[in-house]
Structures are given as structure tokens and as C-alpha cells.
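Coordinates in review
Okay, here's what each chain looks like letter by letter:
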Amino acid sequence: MLKKDREAFALFASGDPSQIARAIAYFQSLEPGHFDDHPLSRKMVAENLGVLVDLWHSNRVPGTRDWVVQFVADAQLASELTKPLVATALLDPSCAFLPTVLYLMGTRPALFADLGVPLTALATHSDPEVRWRVAWFISKVPRLDADLAAAVALLERDTHATTQVYVRACRAKA
């Protein structure tokens, strides 16, 4: 983790709207993939989870919710506390970090198994990575309800090879 990233995260977690706006401007100025190369400390994000969830619920600085979900997903903090953030992100097909959110869901599939409705909508997403990650997540769920089965039915029509690997895994459970 870079020192500037840690400092910007501290500004973000401060709760002060002007500091949050400064932090968001910094985060948005970073090259795509910056946090892939320089991830924030999972421990630091976890220690600030309550603050982040509060910011997601109450802060009105544009971009706050997106960055909260990005940090939570990158740190793989799947819990009842973060589930509403994840569920809301799934409802936005233009969410830039859906693959990361879907990966987070795969770390605790039983927790998110009831999100079949938004996953069904994402089963026809324009981004093949989103579609195959939906199939990947569903392949990890122990039992498929009707909504998840509907998503699999849509994914069966997908021609992307990686999607089909996970669709076969879903079918093997049926």
C-alpha cells in the first residue's frame, strides 16, 4: 500500500464531506488497476468497516457509495453488515467493479444465495466477465432456488467458454 493511498483513505474515512471529496478526486485520478498493483491494507479497511458502512448509508458526496463498495469488495469483507452494499451494487449494471463484487460474493456464497433476482438480470450483462462471474458464483451456491436456476437457464445460452465451464458446474449439482 502506498503512503499517498493510506493518507487518501484516512481523508475518506474522516467523514468530513470536503475531505471525502478530496479523497475521491485523488482515487479517480489513479490509473485503472492501481489498487490491483497497490492494494489497500485489508486490516485497515476492516478496522474502518463501521465508518465505511455509515458513509455508504449517510454521506451524499458523489462517488462515496461507489468507493465504499470498491474498498469493501477489494478487502473481501463479506458479512451481514456489507450485504446491503453488495445487493445494491448488483442492481446497477453500469457499476464499474461488478466483477470484484461478484468475487466477494463467492467468498461466502451462502450469505448471498438469496440474491438471485439481480443475478438473473446480470446473466445477460454486456460484459462477458460479469456473466462468467455470475455463473462462477452460482456454481458455488450449495442449493439453487428458482431465481438462481433462472439465471443458469439464461447463462446456458451464453457462448463465452468460461461462462460455460461454470454453467456445467451448476448443472452437475442439479
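1. Some details on the pattern of salt bridges
In the structure shown here, the tally under the stated rule is six salt bridges. Residues Lys43 and Glu47 are paired through a salt bridge, measuring 3.9 Å at the closest nitrogen-oxygen approach. Here Lys43 pairs with Glu47, and both are found in helix H4 (residues 42–47), just four residues apart, close to one helical turn. Assigned by exposure class, Lys43 and Glu47 land together as exposed. Where Arg133 meets Glu129, a salt bridge forms, and the shortest distance between an N and an O atom there is 3.0 Å. Residue Arg133 and its partner Glu129 are located together in helix H11 (residues 128–140), separated by four residues, close to a single helical turn.

2. Thoughts on the nonpolar core
Grouped together as the largest cluster of nonpolar side chains are 61 residues, with contacts concentrated most on Phe12, Phe27, Phe71, Leu90, Val101, Met105 and Ile138. Of all the elements, H11 adds the most residues to this core, at seven residues. In this structure Val101 touches Val69, Ala73, Val86, Ala89 and Leu90, once residues within four positions along its chain are discounted.

3. Quick notes on helix H13 (residues 161–173)
Here H13 is 13 residues long and its end C-alpha atoms lie 19 Å apart, about the 18 Å a rise of 1.5 Å per residue gives. Within H13, the full set of buried residues consists of Thr163, Gln164, Val167 and Cys170. In a view along the axis of H13, the buried residues occupy a sector of 115 degrees, so they form one face of it. Exposed residues on H13 whose side chains face more than 90 degrees from its buried face are Ala161 and Ala172. Close packing links the buried residues of H13 with H11 and helix H12 (146–155).

4. Let's talk about the layout of surface pockets
Of the voids in this model, the largest pocket is the one considered here, and its volume is about 600 Å³. Around the largest pocket, the lining comprises 22 residues; the ones closest to its centre are Gly33, Phe35, Trp67, Gln70 and Phe97. Every element with two or more residues in the lining of the largest pocket is listed here: helix H2 (17–29), helix H3 (34–37), helix H6 (64–74) and helix H8 (98–106). Here the element with the most residues in the lining of the largest pocket is H6; it accounts for four residues. For the lining of the largest pocket, the residue count by class is 10 nonpolar, six polar and six charged.

Cut-offs used in this document
Residues numbered from 1 in each chain as written. Predicted model: local features only at pLDDT ≥ 70, side-chain atom pairs only at ≥ 80, totals over all residues. Heavy atoms only, no water. Salt bridge = Lys/Arg side-chain N within 4 Å of Asp/Glu carboxyl O. Helix = DSSP H or I, 4+ residues; strand = E, 2+ residues; numbered from the N terminus. Buried < 20%, exposed > 50% of the residue type's maximum accessible area, 1.4 Å probe, protein only. Core = buried A, V, L, I, M, F, W, Y, C linked by side-chain atoms within 4.5 Å. Contact = heavy atoms within 4.5 Å. Expected span 1.5 Å × (residues − 1). Arc of directions from axis to C-beta. 1 Å grid on protein atoms, 1.4 Å probe; cavity = no way out; pocket = protein on both sides within 12 Å on 5 of 7 lines; lining within 4 Å. Points joined across faces, edges and corners; volume = space filled by probe spheres on them. Nonpolar A, V, L, I, M, F, W, Y, C, P; charged D, E, K, R; others polar.

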